[in-house]
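What follows is the residue order along each chain.
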Amino acid sequence: MESLEREIYGPFAFGQSPYRVKGLAYLGLRDSFDKRVPGGMRGVVARIGRTEVEAFFEQHFLPSSTYDILPLIEASQTAARICGVPWREFVRVGSRLQAERDLNGVYRAFLRLATPKLVVDRIPRILMQYMTFGAVEGQMTAPRRFEGVSRGLPRPVAPWMLAIAEGFVPILLETAGAKDAALLSHPPTVEEGSGAGLEHLTTRFSVSWV
């Protein structure tokens with residue numbers, strides 16, 4: 001288990017990495033775990049079994065304040081093990097459910113008027129709206145195909161981010177009128193000279209629909 005902790009946190013003390021995410025992400029995580037995981041968030045924290053993790057998740061998360069994202073990665077991996085499903089699938093399903101909930105909230109007015117092209121043009125902004133690090137960019141390369149690339153995501157975070165996109169983006173596109181929308185990613189590459197103890201990855205992905 002210590003090797004797993006090193007793989008996630010690298011040289012950083014727990015909760016002290018420079019990779020920050022808005023508290024809204026943690027509030028959503030807590031709500032998701034309480035609905036999807038036996039024992040909810042408390043059960044996940046108990047399974048991890050470290051006092052610093054308990055203290056971190058007991059704090060009052062403010063939606064617009066930022067917090068170390070790496071505890072979120074460890075918690076989601078633990079939740080997936082509790083549920084007996086692969087981590088990436090666990091994250092993908094949770095993202096899909098969040099997208100379906102957001103259709104009646106934050107994205108409702110936008111999607112009522114949006115086209116699939118307008119949605120994919122906003123993919124970079126949608127995917128990076130909560131994080132203070134990394135970047136996503138891309139462009140249309142065919143009438144129904146968007147090619148994108150993510151950069152500067154630390155190795156523990158990159159697969160989580162892609163799973164979020166795989167669940168979230170197709171739902172938004174299909175709500176905007178697309179059919180058979182899918183997001184496919186290519187194997188990541190390590191960025192030269194990247195990271196202060198955690199490698200940064202570049203991942204290319206494509207979004208297509210009919």
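Procedures and definitions
- Residues numbered from 1 in each chain as written.
- Predicted model: local features only at pLDDT ≥ 70, side-chain atom pairs only at ≥ 80, totals over all residues.
- Heavy atoms only, no water.
- Helix = DSSP H or I, 4+ residues; strand = E, 2+ residues; numbered from the N terminus.
- Rg over C-alpha atoms; globule rule 2.2 N^0.38 Å.
- Buried < 20%, exposed > 50% of the residue type's maximum accessible area, 1.4 Å probe, protein only.
- Contact = heavy atoms within 4.5 Å.
- Areas by Shrake-Rupley, 256 points an atom, 1.4 Å probe, with all protein chains shown as cover.
- Core = buried A, V, L, I, M, F, W, Y, C linked by side-chain atoms within 4.5 Å.
- Lys, Arg positive; Asp, Glu negative; His and termini not counted.
- Salt bridge = Lys/Arg side-chain N within 4 Å of Asp/Glu carboxyl O.
- Polar contact = N/O pair within 3.5 Å; in protein donor to acceptor, adjacent residues only side chain to side chain.
- Pairing = 2+ DSSP bridges.
- pLDDT = per-residue confidence, 0-100.
- Arc of directions from axis to C-beta.
- Phe/Tyr/Trp six-rings, centres within 6.5 Å; stacked < 30°, edge-to-face > 60°.

What follows covers the overall build of the protein. Helix and strand content of the protein: 10 helices and seven strands. Since a compact globule built from 210 residues should have a radius of gyration of about 17 Å, the 17 Å found for the protein is in line with a globular shape. Principal-axis analysis of the C-alpha atoms places the extent of the protein at approximately 50 × 40 × 30 Å. Within the protein, buried positions represent 48% of all 210 residues. For the protein, the share of sequence-separated contacts (at least 6 apart) that also reach a separation of at least 24 residues comes to 69%. With the model as given, the accessible surface of the protein reaches about 10500 Å², and the carbon-plus-sulfur share is 53%.

What follows covers the nonpolar core. Counting 65 residues, the largest nonpolar core has Phe57, Ile69, Trp160 and Val207 as its most contacted members. Examining the composition of this core, we find that 10 residues originate from one element, helix 10 (residues 158-175), more than from any other. If near-sequence neighbours (up to four positions away) are discounted, Trp160 is found in contact with Ile69, Leu72, Ile73, Ser76, Trp87, Val91 and Met131.

Attention now goes to the side chain of Asp68. Relative to the helices and strands, Asp68 resides in strand 2 (residues 66-68). Arg20 is the oppositely charged side chain nearest to the buried, salt-bridge-free Asp68, at an N-O distance of 5.9 Å. Side-chain polar atoms of Asp68 contact the backbone nitrogen of Leu70, separated by 3.0 Å. Not counting residues up to four positions away in its chain, the partners in contact with Asp68 are Ala13, Phe14, Gly15, Gln16, Ser17, Tyr19, Arg20, Tyr26 and Phe56.

What follows concerns the pairing of strand 7 (residues 200-208). The buried count for strand 7 comes to seven of nine residues, which makes it a mostly enclosed element. Note that strand 4 (residues 145-154) and strand 7 share eight bridges and pair antiparallel. Residue pairing for strand 7: Glu147 is matched across the bridge by Ser206. Where strand 5 (residues 182-185) and strand 7 come together, four bridges link them in antiparallel fashion. Paired with Leu183 across the two strands is Val207, which belongs to strand 7. Relative to strand 7, strand 6 (residues 189-190) runs antiparallel, the two being bridged by two bridges. Residue pairing across strands places Thr189 opposite Thr202, the latter belonging to strand 7.

Residues Gly40, Met41, Val44, Val45 and Ile48 constitute the buried set of helix 3 (residues 40-48). On its buried face, helix 3 is in contact with helix 2 (23-36), helix 4 (51-58) and helix 5 (70-83). Downstream of helix 3 by a residue or two, Gly49 has a phi angle that is positive, lying close to 75 degrees.

Let us look at the confidence of the model for the protein. For the protein, per-residue confidence averages 91 on the pLDDT scale, and 93% of positions sit at 70 or higher. Predicted confidence in the protein is weakest over helix 7 (residues 108-113), with a mean pLDDT of 70, and strongest over strand 2, with 98.

With that out of the way, let us pick up the pairing of strand 4. Among the 10 residues that make up strand 4, seven are buried, leaving the element largely enclosed by the rest of the structure. With seven bridges joining them, strand 3 (residues 135-142) and strand 4 adopt antiparallel strand pairing. Looking at strand 4, one finds that Glu137 is bridged to Val149. Between the antiparallel neighbours strand 3 and strand 4 lie two residues.

Every buried residue belonging to helix 4 is among Val53, Phe56 and Phe57, and all of these are buried. Considered in projection along helix 4, the buried side chains sweep an arc of 85 degrees and stay on one side of the axis. Among the exposed residues of helix 4, those oriented more than 90 degrees off its buried face are Thr51 and Glu58. Close packing links the buried residues of helix 4 with helix 2, helix 3, strand 2 and helix 5.

The subject of this paragraph is the packing of aromatic side chains. Taken as a whole and assessed by the stated rule, the structure comprises 14 aromatic pairs. When the ring of Phe146 is compared with that of Phe205, the centres are 6.4 Å apart and the planes differ by 35 degrees; the resulting orientation is tilted. Here Phe146 is found in strand 4, whereas its partner Phe205 is found in strand 7, with 59 residues between them in sequence. By the burial criterion, Phe146 is buried, and Phe205 matches it.

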